[in-house]
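For reference, the chains in residue letters:
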Amino acid sequence: TENDEKEHSNNNNQNKTETVMSHLASATLAGVLQMVVRTALMGVVSVLLSRYTILTIVTLAMLVFLSTRIYSALNVAAKGANVKLNLLSLKDVGVPLLIAVGVFSMFRGRRFVM
């Protein structure tokens, strides 16, 4: 019975090690994939969206629309909880607007160079 207990203990330790290693591998893979996807999306934005005027206008309109939807959702949530909106809670509204400013800057930069 002592040998069975030692075997069971060794199997438990190996399972814990495998679990930690699998979590570490998953986190590393997720980080690498996020970097690849973000780099690819930035390439698409800088090459395609800022090159053509109609795509830039559509992108800016969608980002402004997204920002207004986030603002209205925050307003509804704040009224339901009787909480006043402050600058910290409104930072989610500013993120799409800052992205829109970046896209517009890339668009205007291409126009000055060409």
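## Regarding the overall build of the chain
Link 1 in the chain: The secondary structure content of the chain amounts to three helices and zero strands.
Link 2 in the chain: The order of helices and strands in the chain, counted from the N terminus, is α-α-α.
Link 3 in the chain: The buried share among the 114 residues of the chain stands at 11%.
Link 4 in the chain: Excluding contacts between residues fewer than 6 apart, the proportion of contacts in the chain whose partners are at least 24 apart in sequence is 66%.
Link 5 in the chain: With an accessible surface of roughly 9,200 Å², the chain has 68% of that area assigned to carbon and sulfur atoms.

## A closer look at a nonpolar patch on the surface
Link 1 in the chain: Taken together, the side chains of Val44, Val47, Leu48, Tyr52, Ile54, Leu55, Val58 and Met62 present a nonpolar region at the surface, about 710 Å² in accessible area.
Link 2 in the chain: Listing elements by their share of the nonpolar patch, those giving two or more residues are α1 (2-49) and α2 (53-81).
Link 3 in the chain: Looking at the nonpolar patch, the element that brings in the most residues is α2, giving four residues.
Link 4 in the chain: Position of Ile54 relative to the elements: it lies in helix α2.

## Here's the deal with the environment of Ile70
Link 1 in the chain: As for its position among the elements, Ile70 is in helix α2.
Link 2 in the chain: Using a relative accessible area of 25% as the deciding quantity, one classes Ile70 as partly exposed.

## Quick look at the packing of aromatic side chains
Link 1 in the chain: Scanning the model with the defined rule gives one aromatic pair in all.
Link 2 in the chain: Ring centres of Phe104 and Phe107 lie 6.4 Å apart, and the angle between their planes is 35°; on these two criteria the pair is classed as tilted. Taken as a pair, Phe104 and Phe107 lie in helix α3 (residues 91-113) at a separation of three residues, close to a single helical turn.
Link 3 in the chain: With relative accessibility at 39%, the residue Phe104 sits in the partly exposed group.
Link 4 in the chain: On the basis of relative accessible area, Phe107 is assigned to the buried category, the value being 10%.

## Some thoughts on the side chain of Ser67
Link 1 in the chain: Position of Ser67 relative to the elements: it lies in helix α2.
Link 2 in the chain: Residue Ser67 is classed as buried on the basis of its relative accessible area of 4%.
Link 3 in the chain: Polar side-chain contacts of Ser67 include one of 2.8 Å to the backbone oxygen of Val93.
Link 4 in the chain: Apart from the residues within four sequence positions on either side, Ser67 is in contact with Val93, Pro96 and Leu97.

Cut-offs applied
- Residues numbered from 1 in each chain as written.
- Predicted model: local features only at pLDDT ≥ 70, side-chain atom pairs only at ≥ 80, totals over all residues.
- Heavy atoms only, no water.
- Helix = DSSP H or I, 4+ residues; strand = E, 2+ residues; numbered from the N terminus.
- Buried < 20%, exposed > 50% of the residue type's maximum accessible area, 1.4 Å probe, protein only.
- Contact = heavy atoms within 4.5 Å.
- Areas by Shrake-Rupley, 256 points an atom, 1.4 Å probe, with all protein chains shown as cover.
- Patch = residues over 30% accessible without salt bridge, like charges linked within 9 Å, V, L, I, M, F, W, Y side chains within 5 Å.
- Salt bridge = Lys/Arg side-chain N within 4 Å of Asp/Glu carboxyl O.
- Phe/Tyr/Trp six-rings, centres within 6.5 Å; stacked < 30°, edge-to-face > 60°.
- Polar contact = N/O pair within 3.5 Å; in protein donor to acceptor, adjacent residues only side chain to side chain.

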